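Architecture at a glance
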Amino acid sequence: MALAAQDTASLAAHGSGNPPPRHVAIIMDGNGRWAKARSLPRNLGHRQGVDTVRDIVRASRDFGIEYLTLYAFSTENWKRPAAEVAGLMDLLRLFIRRELDELHRNGVRIRMIGDRSRLAVDIVPMIEEAEARTAGNQRLTLVLALSYGGQDEIVMATRRIAEAVAAGQLKPEQIDRTLIERHLYTAGIPDPDLVIRTSGEQRLSNFLIWQAAYSEIVFVEKLWPDFGAEDLKAAIVEFHGRERRFGGSDG
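Now for a look at the structure at hand. (Residues numbered from 1 in each chain as written. Predicted model: local features only at pLDDT ≥ 70, side-chain atom pairs only at ≥ 80, totals over all residues. Heavy atoms only, no water.)

Concerning the overall build of the protein chain
When you go through the protein chain residue by residue, the secondary structure sums to eight helices and six strands. Here the protein chain has a C-alpha radius of gyration of 19 Å; the compact-globule value for 251 residues is 18 Å, and the two agree. With respect to the principal axes defined by its C-alpha atoms, the protein chain has extents near 55 × 55 × 35 Å. Looking at the protein chain as a whole, 47% of its 251 residues qualify as buried. Across the protein chain, contacts joining residues at least 24 apart in sequence account for 77% of those joining residues at least 6 apart. Surface exposure of the protein chain reaches about 12,600 Å², of which carbon and sulfur atoms provide 49%. (Helix = DSSP H or I, 4+ residues; strand = E, 2+ residues; numbered from the N terminus. Rg over C-alpha atoms; globule rule 2.2 N^0.38 Å. Buried < 20%, exposed > 50% of the residue type's maximum accessible area, 1.4 Å probe, protein only. Contact = heavy atoms within 4.5 Å. Areas by Shrake-Rupley, 256 points an atom, 1.4 Å probe, with all protein chains shown as cover.)

Regarding the sheet that holds strand 2 (residues 67–74)
Spatially, six strands are ordered 3-4-2-1-5-6 in an open sheet, and the strand pairing comes out parallel. Across the chains shown, the open sheet's two edge strands, defined by having one partner strand only, are strand 3 (108–113) and strand 6 (216–219). When strand polarity is set aside, the average angle formed by the axes of neighbouring strands in this sheet is 20°. Pairing of strand 2 with strand 4 (residues 140–148), which is carried by seven bridges, proceeds in the parallel orientation. (Pairing = 2+ DSSP bridges. Axes fitted to C-alpha atoms, helices over the stretch in contact; angles between N-to-C directions.)

Regarding unusual backbone geometry
One non-glycine residue with positive phi stands out, namely Ser 147, at about 50°. Locating Ser 147 in the fold gives a position in strand 4. Overall, Ser 147 belongs to the buried group, its relative accessible area being 1%.

Looking at the environment of Asn 206
Positionally, Asn 206 belongs in the loop between strand 5 (194–197) and strand 6. Residue class for Asn 206 comes out buried when judged on its relative accessible area of 13%. Excluding residues within four positions of it along the chain, Asn 206 makes contact with Tyr 71, Thr 75, Glu 76, Tyr 148, Gly 149, Gly 150 and Gln 151. Here the side chain of Asn 206 touches Gln 151 through a polar contact of 2.8 Å, landing on its backbone nitrogen. (Polar contact = N/O pair within 3.5 Å; in protein donor to acceptor, adjacent residues only side chain to side chain.)

What to know about the pattern of salt bridges
Applying the stated criterion to the full structure yields 20 salt bridges. Ionic pairing is found between Glu 84 and Arg 42, a salt bridge with its closest N-O pair at 3.0 Å. Pair noted here: Glu 84 is in helix 4 (residues 82–105) and Arg 42 is in helix 3 (residues 42–63), with a separation of 42 residues, a long-range link. A salt bridge links Arg 203 to Glu 201, with the shortest nitrogen-to-oxygen separation between them at 2.9 Å. (Salt bridge = Lys/Arg side-chain N within 4 Å of Asp/Glu carboxyl O.)

Describing the packing of helix 3 against helix 8 (residues 229–240)
Packing of helix 3 against helix 8 brings their axes to within 9 Å, and their N-to-C directions diverge by 45°. By the angle between their directions, the pair helix 3 and helix 8 is classed as oblique. For the crossing formed where helix 3 meets helix 8, the hand is right-handed. Where helix 3 approaches helix 8, its residues Ile 56, Ala 59, Ser 60 and Phe 63 are matched on the opposing element by Ala 229, Leu 232, Lys 233 and Ile 236. The residue inventory of the contact of helix 3 with helix 8, partitioned by class, reads six nonpolar, one polar and one charged. (Parallel < 35°, antiparallel > 145°, perpendicular 65-115°, else oblique. Left-handed = near helix turned anticlockwise from the far one by under 90°. Nonpolar A, V, L, I, M, F, W, Y, C, P; charged D, E, K, R; others polar.)

Structure representation (structure tokens):
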């Protein structure tokens, strides 16, 4: 869904000239429930969710958002039935094949965060190719969280730091937040300003739990396949209406 120029301008100008949040992260929830409500197979809900991804990526680019992180597949999702997991992986393959050219043409850089070792052997090269091909793009960074879990990410970072200490390459007193952040999957990516979760659920579900420490969180009742550019715009407007003090006083 393309946004009219006046919509983009009104968003950027909303609230005393506030720009859009630099980084928006979205927990895309509700594909299965969307399908169930229509007596459709779950895989059709996931397929409709992919169409929503396409629309939201375009809207984010048009709004001037610099980073968009999408929670596409969690570490916990591996527990789902094998057929559903296989279907989700097929949709990932399809998305990369069909969308990569357009994403590249429109200045979108692709980056994946998560445990690549658990992905199918053919998917990892596809992701690496997409990352390499779009590495120089600067209009929007699309971060795909695949086989991702926030707790596992922190464990992984801690293990690497412990190994450096054991090898004598690092002293314990040198460990600080900046060092930990350099060992996370998201190294080099700014923390999300805004986290959106669809489907009415109100929890982070192991998503960016370190990075979202001071994010504003907006919970949306709509299921992900029904979420559109206007819903993204409304969440950003709500974001601008909040006072962000980062632990400071309210004056």
